[in-house]
Amino acid sequence: MTQSPAVRVTGPAGAVRAGERAARTLVSEFARRNDAKAGLLVGATPESAVLAAAIEALLPGDRLTVVPAEGASAAALRAHVTAQGRWVADRVRVVDTLAEADAAAVVVAAEPFTGTAEEARTAVDGLAKYLAEGGVLSVAAPLFRTEGAGAELDRQGVLHGVRTDLVLRNTPPVRVHHLRFTAAPAALAASLSPAYRPSSVPLTRGMHIDSNGVAAAGITLGLAALARAARPKSKLWLLPALAAGPVAAFFRDPERDVPEDPSAVVASADGQVLSVQRLHDERFGDGEWLRIAVFLSVLDVHVNRSPVAGKVVDYFVADGGFVNAMKPDAEHNVAAYTVLDTDHGTVVVAQRTGLIARRIVQRAPVGSLLARGERFGLIRFGSRTDVYLPADAAEPLVGPGDKVVGGSTVIARWS
């Protein structure tokens, strides 16, 4: 028996496959949960990279149900799971049809959707029925198909998106959508590890570069190639060619060891503490706030991380100027505010522009859950990041002039 055509998730055999990087992205919501949870993988084969990634992500208390791809053998899948050893076999159950599966916290379509928009809509509806309350459905579609399944998943992402990940290192490139149809409690964030994000491209084991840096370096190298082609006898092409390295380095994104202490509030960015103040800000509610402002020079890492575990409940951009971020008037610069609901109350992260910085990137839509220390955006070319904490619930551990490291330095502690 095979799964019902009503929830068919792939196109013709061999048309599109999820490679290792796409597979890791598809199972990232399953892998990041540290509590005992149930997962459901639909459309797998013994050779599936997504099945391998899901098995690798298993923790002792987890359960994973696997439904074979259309035309695949459930018996072959069971044999493959058994060959992984007793530890895996005790946690992975292969069923003949989707109808035999139970509700799961995370449901993953093993291969990208390649059909029509109507087929994708039917598949999403069919898979969503197996989501537990607050659960996440992870599905993919080819990037360069602007119609059909890809367009439908883009629409679903706008309506129900937790986040969308672009995986260029796949053949063909795919866009992975993580969809949540019912609200998840903010408390769940405390059980999460930072999500794997393909926007952080690994260079070495400990050093990554943000995808913005890859694009910027590619543009400068392209300009160098054009300059050399246009004026082969000139050395002007060396200017953009030599600039590619520093431009890429600006977008470096190192791995960080995030403190496990649940009472710790970590720095949202690398840089120097400008001020630690108590103030009132009616935009975030009544009461007094503890604001810790950090200045990022052009030499600092510019990736922003969540200072606490929480749920994004609001995001807005305030208009303003572009004053030097070191000056007091920078408080009135253009800024993006990410508001988090946490076990300790509301926490706000402000990404402020500066004299040179004019571009803010924020990748955490409203409704998404962020783990402590998780990447959620960046500011280009130096600026300032402020963390607002409930003043009566937190004690600052840093002062003006202190150097902090995003995701690692404990800047405050919940009292």
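If you look the protein up in an unreviewed UniProt entry, it shows as Phosphatidylserine decarboxylase from Micromonospora chersina.

Undergrad: Teacher, can you tell me more about the overall build of the protein here?
TA: Helices and strands together make up the secondary structure of the protein, namely 9 helices and 24 strands. Here the C-alpha atoms of the protein give a radius of gyration of 23 Å, agreeing with the 22 Å that 2.2 N^0.38 yields for 415 residues. Reported as C-alpha extents along the three principal axes, the dimensions of the protein are approximately 70 × 65 × 40 Å. By residue count, 53% of the 415 residues in the protein fall in the buried class. Across the protein, contacts joining residues at least 24 apart in sequence account for 75% of those joining residues at least 6 apart. For the protein, the accessible area works out to roughly 18,100 Å², and carbon and sulfur atoms hold 56% of it. Charged side chains in the protein number 44 positive and 43 negative. The centres of these two groups are separated by 8 Å.

Undergrad: I would appreciate a short explanation of the packing of helix H8 (residues 211-230) against helix H9 (residues 238-250) in the present structure.
TA: In a pair of packed helices, the angle between the axes and the distance between the axes together describe the arrangement. Where H8 contacts H9, the axes come no closer than 8 Å and their chain directions differ by 175 degrees. In terms of orientation, H8 lies roughly antiparallel with respect to H9. For the pair H8 and H9, the contacting residues are Gly213, Ala216, Ala217, Thr220, Leu221, Leu223 and Ala224 in the first and Pro240, Ala241, Ala244, Val247 and Ala248 in the second. Its residues assigned to classes, the contact of H8 with H9 comprises 10 nonpolar, 2 polar and no charged.

Undergrad: Would you explain the sheet that holds strand E11 (residues 264-266) in this entry?
TA: Strand order in the open sheet made by the 3 strands is E11-E24-E22, with antiparallel pairing throughout. Each having just a single partner strand, E11 and strand E22 (394-396) make up the two edges of the open sheet. Put simply, the sheet's adjacent strands are angled 30 degrees from each other on average, direction ignored. Pairing of E22 with strand E24 (residues 410-414) involves 3 bridges; the strand directions are antiparallel. Opposite Pro396, over in E24, you have Ala412 as the bridge partner.

Undergrad: Teacher, can you tell me more about the packing of aromatic side chains here?
TA: Two aromatic rings, taken as a pair, are described by how far apart their centres are and by the angle between their planes. Under the definition given, this model contains 6 aromatic pairs. When the ring of Phe250 is compared with that of Phe251, the centres are 4.9 Å apart and the planes differ by 90 degrees; the resulting orientation is edge-to-face. Each member of the pair Phe250 and Phe251 is classed as buried. With a centroid separation of 5.6 Å and 50 degrees between ring planes, the pair formed by Phe284 and Tyr337 is classed as tilted. Separated by 53 residues along the polypeptide, Phe284 in the loop between strand E12 (271-280) and strand E13 (288-296) and Tyr337 in strand E16 (residues 335-342) bring together distant segments of the chain. When the ring centre of Phe30 is taken as reference, the NZ or CZ atom of Lys37 above it lies at 4.8 Å. The ring of Tyr337 carries the charged tip of Arg283 above its face, separated from the ring centre by 4.5 Å.

Undergrad: Would you mind going over helix H7 (residues 149-160) with me for this structure?
TA: Because each turn of an α-helix spans 3.6 residues, side chains separated by three or four positions end up pointing in the same direction. Under the 1.5 Å per step criterion, the end-to-end length of H7 is 16 Å for 12 residues, consistent within 8% with the ideal 16 Å. Looking only at H7, the buried set comprises Ala149, Gly150, Glu152, Leu153, Gln156 and Gly157. Summarising the axial view, the buried residues of H7 lie within an arc of 160 degrees, below the 170-degree limit, and thus occupy one face. Exposed and facing more than 90 degrees away from the buried side of H7 are Val158 and Leu159. Looking at the buried side of H7, the elements it contacts are helix H6 (117-128), strand E5 (131-142), strand E6 (161-167) and strand E7 (174-179).

Undergrad: Could you clarify how one ought to interpret unusual backbone geometry in this entry?
TA: Leave glycine aside and you will find that most residues have negative phi; peptide bonds, for their part, are mostly trans. In the segment running from Thr171 into Pro172, the intervening peptide bond is cis, with an omega of -5 degrees. One can find Pro172 in the loop between E6 and E7.

Undergrad: Please explain the pairing of E5 as it appears in this structure.
TA: Put simply, side chains in a regular strand alternate between the two faces of the sheet. Burial analysis of E5 places 10 of its 12 residues in the buried class, which makes it a mostly covered element. Here strand E4 (residues 104-109) pairs with E5 via 4 bridges, running parallel. Bridge pairing in E5 places Ala104 opposite Leu131. Once the chain exits E4 it traverses H6 before rejoining the sheet at E5, and the crossover so formed is right-handed.

Undergrad: In this structure, what is going on with helix H4 (residues 74-83)? I would like to understand it.
TA: Among the residues making up H4, those that are buried are Ala74, Leu77 and Val81. Considered in projection along H4, the buried side chains sweep an arc of 60 degrees and stay on one side of the axis. Opposite the packed face of H4, turned more than 90 degrees from it, sit the exposed residues Ala75, Thr82 and Ala83. The residue sitting at the N-terminus of H4 and contributing the capping side-chain oxygen is Ser73; that oxygen lies 3.2 Å from the backbone nitrogen of Ala75.

Undergrad: What exactly am I supposed to notice about the nonpolar core here?
TA: Proteins that are soluble and globular tend to have nonpolar side chains buried together. Counting 32 residues, the largest nonpolar core has Leu26, Leu41, Val50, Leu64, Val66, Val92 and Val174 as the members making the most contacts within it. A total of 5 residues in this core trace back to one element, the largest contributor, which is helix H3 (residues 49-56). In this view, Val174 contacts Val16, Ala22, Pro112, Ala140, Ala141, Pro142, Leu143, Asp165, Leu166 and Val167; residues no more than four positions away in its chain are not counted.

Undergrad: I would appreciate a short explanation of the pattern of salt bridges in the present structure.
TA: Two side chains carrying opposite charge are able to pair once their charged atoms lie near each other. Taken as a whole and assessed by the stated rule, the structure comprises 25 salt bridges. Linking Glu29 and Arg163 is a salt bridge whose minimum nitrogen-to-oxygen distance equals 2.3 Å. Of this pair, Glu29 sits in helix H2 (residues 28-31) while Arg163 sits in strand E6; the two residues are 134 residues apart in sequence, bridging distant segments of the chain. Note on accessibility: Glu29 and Arg163 belong to one class, buried.

Here is what the cut-offs are and how they apply
- Residues numbered from 1 in each chain as written.
- Predicted model: local features only at pLDDT ≥ 70, side-chain atom pairs only at ≥ 80, totals over all residues.
- Heavy atoms only, no water.
- Helix = DSSP H or I, 4+ residues; strand = E, 2+ residues; numbered from the N terminus.
- Rg over C-alpha atoms; globule rule 2.2 N^0.38 Å.
- Buried < 20%, exposed > 50% of the residue type's maximum accessible area, 1.4 Å probe, protein only.
- Contact = heavy atoms within 4.5 Å.
- Areas by Shrake-Rupley, 256 points an atom, 1.4 Å probe, with all protein chains shown as cover.
- Lys, Arg positive; Asp, Glu negative; His and termini not counted.
- Charge placed at Lys NZ, Arg CZ, Asp CG, Glu CD.
- Axes fitted to C-alpha atoms, helices over the stretch in contact; angles between N-to-C directions.
- Parallel < 35°, antiparallel > 145°, perpendicular 65-115°, else oblique.
- Nonpolar A, V, L, I, M, F, W, Y, C, P; charged D, E, K, R; others polar.
- Pairing = 2+ DSSP bridges.
- Phe/Tyr/Trp six-rings, centres within 6.5 Å; stacked < 30°, edge-to-face > 60°.
- Lys NZ or Arg CZ within 6 Å of the ring centre and 35° of its normal.
- Expected span 1.5 Å × (residues − 1).
- Arc of directions from axis to C-beta.
- Right-handed = clockwise from strand over helix to strand, strands pointing away.
- Polar contact = N/O pair within 3.5 Å; in protein donor to acceptor, adjacent residues only side chain to side chain.
- Core = buried A, V, L, I, M, F, W, Y, C linked by side-chain atoms within 4.5 Å.
- Salt bridge = Lys/Arg side-chain N within 4 Å of Asp/Glu carboxyl O.

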